[in-house]
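Analysis of the macromolecular model
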Amino acid sequence: MSNLSEQELIRREKLNKIRELGINPYPAELFQVTTNSSNIKSNFIEGEKVIVAGRLMSRRIQGNASFAELQDNSGRIQVYFNRDEICVGDDKTKYNELYKKLLDIGDIIGIEGELFKTKVGEMTILVKDFKLLSKSLKPLPLPKTDSDGNTYDEFSSPELRYRQRYVDLIVNSHVKETFLKRSKIISSIRSSLENEGFVEVETPILQPIPGGAAAKPFITHHNSLNIPLYMRIANELYLKRLIVGGFDGVFEFAKDFRNEGMDRSHNPEFTNLEFYVAYKDYNWMMSFTEKLLEKVTIDTLGSSTVKFENKEINFKGPYEKIGILDAIKNETGIDALILNEKELAEAAKKIGVEIDETMGKGKIIDEIFGEKCESNFIQPTFIIDYPKEMSPLTKEHRENPQLTERFELLINGSEIANAYSELNDPIDQLERFEDQLKLSEKGDEEAMFIDHDFVKSLEYGMPPTSGIGIGIDRLVMLLTNNRSIQEVLFFPQMKPLKKQPELSVDAKSVFEILKEFERIDLSILTKASFDNTEYSANPATPEWWWIDLPFWLSLVVPSLKTAFAFATVAGSQRAGRPELHISQRPQLAT
């Protein structure tokens with residue numbers, strides 16, 4: 001209780017008084033609502049009886065009457081409380097005590113009433129009865145706007161908003177709109193795939209071998225089996241096993257996990273859509289992706305054109321196509337295909353791309369493209385025909401054996417999708433896995449593991465197949481005009497809060513006494529000398545003053561009885577030094 005603010009303490013006192021009135025502030029029984037604020041406004045009927053529930057967001061009490069604002073799942077609506085409408089008998093406690101004195105902004109209440117319009121035409125509910133459904137014990141950070149239009153107390157700090165998303169959703173209505181659009185995007189994709197005959201499936205999140213992508217996995221341990229398990233980095237290999245098993249088209253909205261960096265476009269836990277279809281290739285997949293994303297954009301926003309910051313991005317196909325090696329050559333002059341690994345590494349260094357000895361040729365190409373080319377592609381563009389070293393799960397290009405039939409879809413300088421003509425030759429697949437093992441031995445933590453069971457599945461025969469992975473979080477960022485992935489995740493991963501060091505009882509006593517003094521004359525410090533040679537060279541350093549500040553203050557303010565005790569606490573907390581003995585302290589010159 002000692003850490004509670006004054007407002008929180010007051011609300012807890014109100015909570016007790018509510019209980020003393022015989023009212024349960026957290027009732028268990030059903031409260032049956034009949035409508036919501038949005039339906040009332042779109043289908044308003046004067047005098048209609050309604051039952052609604054929501055959070056009390058503002059109120060203006062004027063004696064026996066009060067206007068308030070109720071926020072529910074669909075928006076806000078004005079409500080009107082009148083004492084005599086609510087309390088028809090002599091007992092006015094419900095209005096005078098419960099409503100006026102014991103309710104607070106943020107409390108959740110249920111209301112029964114009738115619809116009417118005020119003199120200025122505001123649609124309003126005349127409250128006939130109300131019920132407290134949940135007492136709020138913490139005040140909401142509600143913004144306030146003055147007569148000049150200046151806004152104060154906004155809940156706008158990203159750090160706080162992401163850590164307390166529940167508060168963010170209550171007070172910032174645009175945040176909820178982002179997540180409603182996210183739901184529409186996923187729903188549109190799901191219905192489109194189902195209409196094409198795809199089957200939605202589920203595959204393991206805990207996997208014995210982390211396959212399907214070049215990424216560093218999270219590792220855990222299964223106690224009963226006594227084996228290590230990996231959090232899924234991709235669901236590709238399991239979905240392709242299902243194609244082997246006879247499904248012609250499968251998809252999954254997967255939670256994937258990669259133990260890598262965090263920034264504005266990367267979260268260690270993210271949502272990825274993958275789908276695979278038999279008897280198709282990457283050319284078919286490019287065409288299908290264009291149609292899918294155009295439909296999703298129209299379903300979500302009503303148009304195929306998206307406004308992102310100061311740019312307009314058009315999702316209507318067809319999209320431009322360019323080979324990754326051509327893009328690198330156009331931007332840097334480097335012809336990566338004809339260079340060996342050592343030559344490519346030197347070329348990369350010359351143009352300022354950082355590489356290390358663990359990188360193979362494919363990784364170096366990826367670094368060059370990411371550093372020098374990727375940001376140039378604003379409109380949807382297919383980057384196609386990746387080198388074989390970069391694509392261990394991809395079928396060899398039908399015209400150039402050094403390349404593969406792979407594309408990435410870039411929009412606004414960011415990868416949105418990655419797709420292949422899937423490799424279905426088991427012998428070639430095993431050789432590609434073995435090449436990845438060599439990279440792992442060089443120190444590449446993102447190199448793929450050899451999945452012998454997947455190779456075995458290919459030996460039974462997988463039909464020609466095309467597959468794709470689409471980053472749902474990044475797609476939502478584009479369609480909601482958000483630059484940060486944290487804005488489109490309800491609960492993004494955050495760095496742990498640093499625990500503030502707690503002051504000792506003596507330290508707190510010193511600060512309480514210091515509050516009584518507006519200014520302290522420290523001129524006495526210049527008359528001090530030291531009998532400790534360690535500090536005699538420069539006795540008046542800021543560090544020394546802080547470490548022994550209570551000692552100096554005890555000279556100036558004799559009432560600081562706990563100063564010496566505080567000196568050892570402050571000294572150890574601030575400078576990490578051992579306890580200073582009194583014999584080491586400066587002595588006043590005589």
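Below or above, wherever it landed, is the structure these notes cover. (Residues numbered from 1 in each chain as written. Predicted model: local features only at pLDDT ≥ 70, side-chain atom pairs only at ≥ 80, totals over all residues. Heavy atoms only, no water.)

1. Re the overall build of the chain
Here is the rule we go by: Secondary structure follows DSSP: runs of H or I at least 4 residues long count as helices, runs of E at least 2 residues long count as strands, and numbering of each begins at the N terminus. For every residue, the accessible area obtained with a 1.4 Å probe (protein chains only) is divided by the maximum for its type, and the residue is called buried under 20%, exposed over 50%, and partly exposed between those limits. Should any heavy atoms of two residues lie within 4.5 Å, those residues are considered in contact. For the area figures, the Shrake-Rupley method with a 1.4 Å probe applies, and any residue is considered shielded solely by the protein chains shown.
Across its full length, the chain carries 20 helices and 22 strands. Among the 590 residues that make up the chain, the fraction classed as buried is 45%. Residue pairs at least 24 apart in sequence account for 65% of intrachain contacts in the chain once pairs closer than 6 positions are excluded. When the accessible surface of the chain is totalled, it reaches about 31200 Å², and 50% of it is carbon and sulfur.

2. With respect to the sheet that holds strand β17 (residues 381–384)
Here is the rule: Note on pairing: two strands pair once DSSP finds at least 2 bridges between them. To get an axis, fit a line to the C-alpha atoms, keeping to the stretch in contact for a helix; angles then go from 0 to 180 degrees between the N-to-C directions.
Overall, mixed pairing links the eight strands, which are arranged β8-β12-β13-β20-β19-β18-β17-β16 in an open sheet. The strands lining the two open edges of the sheet, one partner per strand, are β8 (199–200) and β16 (320–323). Two elements, strand β18 (residues 406–411) and strand β19 (residues 414–421), share six bridges in a ladder whose sense is antiparallel. Bridging from a neighbouring strand, Glu408 pairs with Asn418 of β19. Here helix α10 (residues 324–332) sits on the sheet in contact with β16 and β17, set at roughly 80° to β16.

3. Side note on the nonpolar core
We apply this condition: For the purposes of this section, nonpolar cores are sets of buried Ala, Val, Leu, Ile, Met, Phe, Trp, Tyr and Cys residues that join through side-chain atoms within 4.5 Å.
Of all hydrophobic cores here, the largest spans 41 residues; its most connected members are Ile189, Leu273, Phe275, Phe315 and Phe407. Counting residues per element, this core draws most heavily on helix α9 (residues 282–301), at seven residues. The residues contacting Leu273, other than those within four sequence positions of it, are Ile189, Leu193, Phe251, Glu252, Phe253, Ile468, Gly469, Ile470 and Ile472.

4. Remarks on helix α15 (residues 472–480)
Among the nine residues in α15, nine count as buried, and that is most of the element. Ile472, Asp473, Arg474, Leu475, Val476, Met477, Leu478, Leu479 and Thr480 are the residues of α15 that are buried. Just past α15, the residue Asn481 takes up positive phi, approximately 60°.

5. Brief notes about the packing of aromatic side chains
Note the cut-off: Pairing of aromatic rings covers Phe, Tyr and Trp, the last counted by its six-membered ring, and requires centre-to-centre distances within 6.5 Å; plane angles under 30 degrees mean stacked, over 60 mean edge-to-face, and any other angle means tilted.
Summed over the entire model, instances satisfying the criterion amount to 17 aromatic pairs. Ring centres 4.8 Å apart and planes at 40° place the aromatic pair Phe67 and Tyr80 in the tilted group. Of this pair, Phe67 sits in strand β2 (residues 65–72) while Tyr80 sits in strand β3 (residues 75–82); the two residues are 13 residues apart in sequence, bridging distant segments of the chain. Classification of Tyr80 as buried rests on a relative accessible area of 18%. The interplanar angle of 35° and the centroid separation of 6.2 Å between the aromatic rings of Phe198 and Phe288 together place this pair among those described as tilted.

6. So, the sheet that holds β2
As summarised here, the arrangement of the five strands in space is β1-β2-β3-β5-β4, forming a closed barrel in which the pairing is mixed. In this sheet, adjacent strand axes meet at a mean angle of 55° when their direction is disregarded. The pairing of strand β1 (residues 49–62) with strand β4 (residues 108–117) spans seven bridges and is antiparallel. Counterpart to Ile51 in the pairing with β4 is Glu112. Of the strands in this sheet, β1, β2, β3 and β5 (123–134) are in contact with helix α4 (residues 93–102), which crosses β1 at around 70°.

7. Quick look at the packing of helix α13 (residues 426–441) against helix α14 (residues 452–459)
So the rule is basically this: An angle below 35 degrees is read as roughly parallel, one above 145 as roughly antiparallel, one from 65 to 115 as roughly perpendicular, and any other as oblique. A crossing counts as left-handed when the near helix is turned anticlockwise from the far one by less than a right angle, and as right-handed when that turn is clockwise. In this classification, Asp, Glu, Lys and Arg are treated as charged, Ala, Val, Leu, Ile, Met, Phe, Trp, Tyr, Cys and Pro as nonpolar, and every other residue, Gly included, as polar.
Following both chains from N to C, one finds α13 and α14 inclined at 165°, their axes separated by 9 Å at the closest point. By the angle between their directions, the pair α13 and α14 is classed as roughly antiparallel. For α13 against α14, the interelement crossing comes out right-handed. Where α13 abuts α14, its residues Pro426, Gln429, Leu430 and Phe433 lie against His452, Phe454, Val455, Leu458 and Glu459. Its residues assigned to classes, the contact of α13 with α14 shows six nonpolar, two polar and one charged.

8. Concerning the pairing of strand β11 (residues 227–231)
In this structure, strand β9 (residues 206–207) lies alongside β11, joined through two bridges in antiparallel fashion. In the sheet register, Leu206 faces β11, and the bridge partner there is Met231. The turn linking strand β10 (residues 219–222) back onto β11 is made up of four residues, and Asn226 within it adopts a positive phi angle of 55°.

9. Comments concerning a nonpolar patch on the surface
Spelled out, the test is: Two joining distances apply to patches: 9 Å for like charges and 5 Å for nonpolar side chains (Val, Leu, Ile, Met, Phe, Trp, Tyr), and every residue must have over 30% relative accessible area and no salt bridge. In what follows, salt bridge is the name for a side-chain nitrogen of Lys or Arg lying within 4 Å of a carboxyl oxygen of Asp or Glu.
Residues Tyr166, Phe490 and Phe491 make up a contiguous nonpolar surface patch of roughly 380 Å² in combined accessible area. Note on placement: Tyr166 falls in helix α6 (residues 165–171).

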